[in-house]
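For reference, the chains in residue letters:
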Amino acid sequence: MLRTVTHRVRRGGCAGPSRLAIVIDVSQATAASEPLTAIQFRSDVTVELVRSNASDADVLFAARVSTQGEQSLAAAQDEHLDTSRSKGLINYLMRDRHGSPFEHNSMTFYVQAPIFVFREFMRHRIASYNEESGRYRELSPVFYVPGPDRNLVQVGKPGAYDFLPGTAEQTRLAVAEAERIATAAYASYQRMLEAGIAREVARIVLPLSIYSSMYVTVNARSLMNFLSLRTKRESSHFPSYPQREIEMCAEKMEEHFAALMPLTYEAFNENGRVAP
């Protein structure tokens, strides 16, 4: 879901929000000459594979050096190596958790998501991250709101809980409150910038629902660890209960992984989605 609203920002006071359809005016300004800032509300995430050096062949030559030594070099340099007969070796490595051969590859993703998702991402100290800076650029007015299919009600206790759909009233409330706070906060942010306050200070009023962007570089072994923790699958040996928004990112990354390294991905699933 993507919706756009507009507001005018001027130095000085700010009236309360007044909603007409999907247009919100959060200031008293009426002059046509004043610029409009479009605020976007999204319920999705963006994950793009920027570049990769990753294939099942990378796993094979890395594993075979242990028994073939320099004889493995020819296969390592063969860009057209047929891996179709090597499913058994990859499955063996995955099953017995010989993990290092799965590290000789690289995938770089571009991710757009709310900042609260990035805070969860960066708990995984198995990737390289470079994120958009709120100190060095003005942040764009793009904010997350729960989509209509986002479960809202927590049932159970930590470690043994599930999320169930909310009522229509709960969904409307969650969206309305998220939009209200984001709109007011961004107006405050703009007023502070207009007054000459540094970006690194002005940004403190912005909520965690604002979108940021970053590059994430990871190898297959680390990615499998991430997927095992940030997706919920019935076939997993160790069940995980991720927050839905980071799971949305993980699902998109998993699609790319499956396409790049199909034998590795198949073995990952056949062995309970446990990173080797």
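Just so it is clear, the model here is predicted, and its values are computed rather than measured. (Residues numbered from 1 in each chain as written. Predicted model: local features only at pLDDT ≥ 70, side-chain atom pairs only at ≥ 80, totals over all residues. Heavy atoms only, no water.)

### Observations regarding the side chain of Asn271
Next, step 1: Structurally, the position occupied by Asn271 is in the segment after α9 (262-270).
Next, step 2: A relative accessible area of 15% means that Asn271 is categorised as buried.
Next, step 3: Looking at Asn271, its side chain comes within polar contact range of the side chain of Asn91, at 3.0 Å. (Helix = DSSP H or I, 4+ residues; strand = E, 2+ residues; numbered from the N terminus. Buried < 20%, exposed > 50% of the residue type's maximum accessible area, 1.4 Å probe, protein only. Polar contact = N/O pair within 3.5 Å; in protein donor to acceptor, adjacent residues only side chain to side chain.)

### A closer look at unusual backbone geometry
Next, step 1: One non-glycine residue, Arg97, lies in the positive phi region at around 60°.
Next, step 2: Tracing the backbone through its elements, the reader meets Arg97 in the loop between α3 (87-95) and β6 (106-114).
Next, step 3: For Arg273, which is not a glycine, the phi torsion comes out positive at approximately 55°.
Next, step 4: Overall, the relative accessible area of 3% leaves Arg273 in the buried class.

### Comments concerning the pairing of strand β11 (residues 211-218)
Next, step 1: Across the 8 residues of β11, 6 count as buried, placing the element largely inside the fold.
Next, step 2: Bridging between β6 and β11 involves 8 bridges; their strand directions are antiparallel. What sits directly across from Phe109, in β11, is Val216.
Next, step 3: As defined by bridge partners, strand β7 (residues 128-131) adjoins β11 across 4 bridges and the pair is classed as antiparallel. Within β11, the position partnered with Asn130 by the bridge is Tyr215. (Pairing = 2+ DSSP bridges.)

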